[in-house]
Amino acid sequence: MTPTAPAFAEPTDAVADAPHVEYLSSAEQFMLSQARAGNPRALRQFYDEHQAQVRGHLYRLLGPDSEIDDLVQTVFARAFIALPSFRGNSTLSTWLYRITTNTTHNLLRQRFRRGRVKAAFQWWLSGRAAQLQASQSDVRDEAGRVLQHLAPDLREVFVFYHYEGLTLQEIAQILDKPLSTIGDRLTRARKRLHELVTTT
Amino acid sequence: MTQADDNQPTDGAARYGCLEAHEDAELAVADRLHPTALARFKAHLRGCSDCRRMHAVMDAVYRGPDPAASGVGIVRGDREFAAILRRVPLERPQPWPQRLLHTSGVVALASTAVALVVTLVSPGQQPLEHMPHSGVTASLGSPSAAPDHEVEHSGDEPGVAAHQAQVDYGRVIAGRGFLSTRGDGPPVLTDTFTVGTRFATEPGQSLQVGLLGRILANFEAGTDIEWTQAGPAALDLTLERGLIAVRYERQPEDPVLNIHTPSALVRVVGTVFTVEVDAEGRTMVSVLRGEVEVLNPEDQALIGEVQAGYRFDMERSTYTDVGRTEVRVAMPLSNEGPGHGDVVRSADGTIPGSWVVPGLPAAPSLRRLENILIPAPLPEPRERPQVARSDRRYAGPLAAAKADDGQGLIDKLVRDAAETRREEGRAALEHCKSLYQSAQSRYLSARCLTRFMAEHGDDEDLVEGHLLIGILRMDFANDYPAAKLAFQTFLERAPTHPEAELARYRLWLANIEHGDVPGAIERGREYLRRYPNGKFAGKILQRFPKLVSEL
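Here we summarise the structure given alongside this text. (Residues numbered from 1 in each chain as written. Chains lettered and ligands numbered in written order. Predicted model: local features only at pLDDT ≥ 70, side-chain atom pairs only at ≥ 80, totals over all residues. Heavy atoms only, no water.)

### Comments concerning the overall build of chain A
Applicable threshold: A run of H or I in DSSP counts as a helix once it spans at least four residues, and a run of E counts as a strand once it spans at least two, with each numbered from the N terminus. Think of it in three bands: with a 1.4 Å probe and only protein chains considered, a residue is buried below 20% of the maximum accessible area for its type, exposed above 50%, and partly exposed in between. All accessible-area figures derive from a Shrake-Rupley calculation using a 1.4 Å probe, and residue coverage is judged against the displayed protein chains alone.
A tally of regular secondary structure across chain A gives nine helices and zero strands. Starting at the N terminus and ending at the C terminus, chain A contains elements arranged as α-α-α-α-α-α-α-α-α. Residues counted as buried form 45% of the 200 residues belonging to chain A. Accessible area of chain A: about 10000 Å², with a carbon and sulfur share of 52%.

### Some words on the side chain of A:Glu142
Quick reminder of the rule: Here a polar contact means two N or O atoms within 3.5 Å. Within protein one must be a hydrogen donor candidate and the other an acceptor candidate, and residues neighboring in sequence count only if both atoms are side-chain atoms.
With respect to the helices, strands and loops of the structure, A:Glu142 is situated in helix 6 (residues 139-148). At 2.2 Å, the side chain of A:Glu142 and the side chain of B:Arg53 are in polar contact.

### Examining the pattern of salt bridges
Residues and elements named next belong to chain B. Quick note on the threshold: When a carboxyl oxygen of Asp or Glu is within 4 Å of a side-chain nitrogen of Lys or Arg, the pair counts as a salt bridge.
Scanning the entire structure with this criterion turns up 26 salt bridges over all chains. In this structure, Glu522 engages Arg525 in a salt bridge whose closest nitrogen and oxygen atoms are separated by 3.4 Å. Linking Glu522 with Arg525, this pair stays in helix 16 (residues 517-530), spanning three residues, or about one helical turn. Overall, the relative accessible area of 40% leaves Glu522 in the partly exposed class. Through salt bridges with shared partners, a single ionic network connects Arg171, Asp475, Arg506 and Glu513.

### As for the packing of aromatic side chains
All names here are of chain B. Just so we agree on the cut-off: Any pair of Phe, Tyr and Trp rings, taking the six-membered ring for Trp, is counted once the centres come within 6.5 Å. Such a pair is stacked with planes under 30 degrees apart, edge-to-face with planes over 60 apart, and tilted for the rest.
Summed over the entire model, instances satisfying the criterion amount to 20 aromatic pairs over all chains. Consider the rings of Phe312 and Tyr319, whose centres lie 4.8 Å apart with planes at 35 degrees: the pair is tilted. Classification of Phe312 as buried rests on a relative accessible area of 2%. An aromatic cluster of three or more residues is present, and its members are Tyr505, Trp508, Tyr527, Tyr531, Phe536 and Phe544.

### Concerning the packing of helix 15 (residues 500-513) of chain B against helix 16 of chain B
The packing of two helices is summarised by the inter-axis angle and the distance between the axes. All names here are of chain B. Put simply, the test is: Here the axes come from fitting lines to C-alpha atoms, over the contacting stretch only for helices, and the angles between their N-to-C directions go from 0 to 180 degrees. Note that the term roughly parallel is reserved for angles under 35 degrees, roughly antiparallel for angles over 145, roughly perpendicular for angles of 65 to 115, and oblique for everything else. Note: crossing handedness is left-handed where the near helix turns anticlockwise from the far helix by less than a right angle, and right-handed where it turns clockwise. Residues count as neighbours in contact if any of their non-hydrogen atoms are within 4.5 Å of one another. Charged residues are taken to be Asp, Glu, Lys and Arg, nonpolar residues to be Ala, Val, Leu, Ile, Met, Phe, Trp, Tyr, Cys and Pro, and polar residues to be all remaining types, Gly included.
Interhelical geometry of helix 15 versus helix 16 gives an angle of 160 degrees and a closest axis separation of 7 Å. By the criterion of interaxial angle, the relationship of helix 15 to helix 16 is roughly antiparallel. Remark: the crossing between helix 15 and helix 16 carries left-handed chirality. Between helix 15 and helix 16, the contacting residues are Glu501, Arg504, Tyr505, Leu507, Trp508, Asn511 and Ile512 on the first element and Val517, Gly519, Ala520, Arg523, Gly524, Glu526, Tyr527 and Arg530 on the second. Counted by class, the contact of helix 15 with helix 16 contains seven nonpolar, three polar and five charged residues.

### Some thoughts on the state of the cysteines
All names here are of chain B. For the record, the criterion: Criterion for a disulfide: a pair of cysteine sulfur atoms at a distance within 2.5 Å.
What the rule picks out here adds up to zero disulfides over all chains. For the unlinked cysteine Cys48, the closest cysteine sulfur is that of Cys51, found at 3.4 Å. Note on Cys48: relative accessible area 0%, which makes it buried. Judged by its relative accessible area of 1%, Cys51 falls in the buried class.

Structure representation (structure tokens):
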């Protein structure tokens, strides 16, 4: 049967390197070798095994958002393209988190800049009364709104640590930052969230 | 602040107000607050609505959104996967010269826009519609500008199975059974059938059929099933009784397979599985690879999802491990086996590695039917109670479907080759022949013959072997590229061979089932030019009536 999957990236030197066995099971190595060759079944298996992780992370990071489905497609399309260059220096989930973060980071920054101006204007316009009125809404929605007020760099670390359950070392690997930076961001994120929750 | 702030400390305890509650909020949510402090924190919350609200929000923030809200169903996932594959070329990073060109194009467009504005506001200039086209704007038609909306709507593109010549027809691959048209219609006497065909197998019989060029189904003895509907979006079978095994190598654009039983609807998006309706009308679904959904036939509500390795009893809503019976029935659908380099992969009787069979070792040499654990005594060979029938469908010599077109040729080839080959070749051929005799083991003969041809393929007397291998690759492995290559090799080496007509017909059929309708039309035209009165001309004209002009 002819696969309908599009042609993938040309093999590079990295392809020849066998992925590190310590991070990948034999089944994952086999699936990866098939997926790199453009085998649709292997690609579908890759998608099936990880789509919930990507979708869940985007949902936790962005909240209910109409663009999540679009972002999931973008993340997997980029992952399929990058498969030949994956050297197995991390687990597949960590590697996918990194792609997801790179895909969403600019979007988060854009939204945060726009949202910050808008929120400040609304605060000035309606004052405390509007906030009190908003407090009648669902607690979960309010928690989501509070999280949106967190700067993107801090939000990413907070979501990875508290929602995804990753360690600081894993987060440092995903974001490609020093461990101390990640720890600092987590502390700042908690402090900022505390301020946001206790002042509203 | 609320009344809680006015609480005066009693019994010597320190004052605990909103400020302290705010400081302890994070520790309380993280369950790291000292029990004494936690008791005071909770006592404060009981009297302070603002802090209760704050605590609820803090708790929600640290708990995060509900993960259950981020799930996706099978069918939706299928569509999304197809969209991802379409998006891959668009997400590929552009080389730097193209990016530079794109950037310069944007700059040039801005310059052009400024020039146009100047033109508009400046009197005495040439009218806008008479302006010559800028050569720069042509460069803006880069691929990066196009595709977004195309991605949105590309889901409406017809799938590979959009042409009725492929969708509406099926073929008998092997075995024996009774085929008739819907209701009390006449029996089907050829190896090709259309939508509305009913299949019945008596005890001791089994039947293998191919649908859509993607689906290979094995009907066990005592099965009664009808092909009720076919279309680009869905293909429906109605199983009244018996046991069937199906392998569906589905691509994202292919239709979803629905199997209706008296008590369930089994929805399949690509997998290897079996469905059984026993004498009491109960439905059992076993999955060896992939996943299927079992739905209520009335309201389409999801009853259960059956993962690979499980057997689902719908009436009892229980899951058990797949057993030897299900694997045995599905084994003729196997097309996986070891293959290296240019050697095609053919089944060798090993249970494929992609099939999930609990308790079966992973080593290929141990993945045999006899090594499947049997938790309970094996049921007796399935002798299903015969349902009293008033019609004549099971009686008389018509109770057998006509054999496959290649049957006569295959027998002849096997006989002729066996006579001319060396003694060891003769023995090997006899082995292949014995495999081919049974519908249950015919799928193994492709591998046997491939090995035989590798050893004796230079013999000019064996050129027909390419045709034989092509037929088997096409029928059992759905490996149409390999089949077409085999047919073409045969036609190149023996263009005037007596069986060249069959080879050209098979080449036409392989193009259809592969979804290459333009190629099939071309092959059909070629056949009709060569054999205007050929024995397959009617079948070609049945699917492509417009080719009658070639006669």
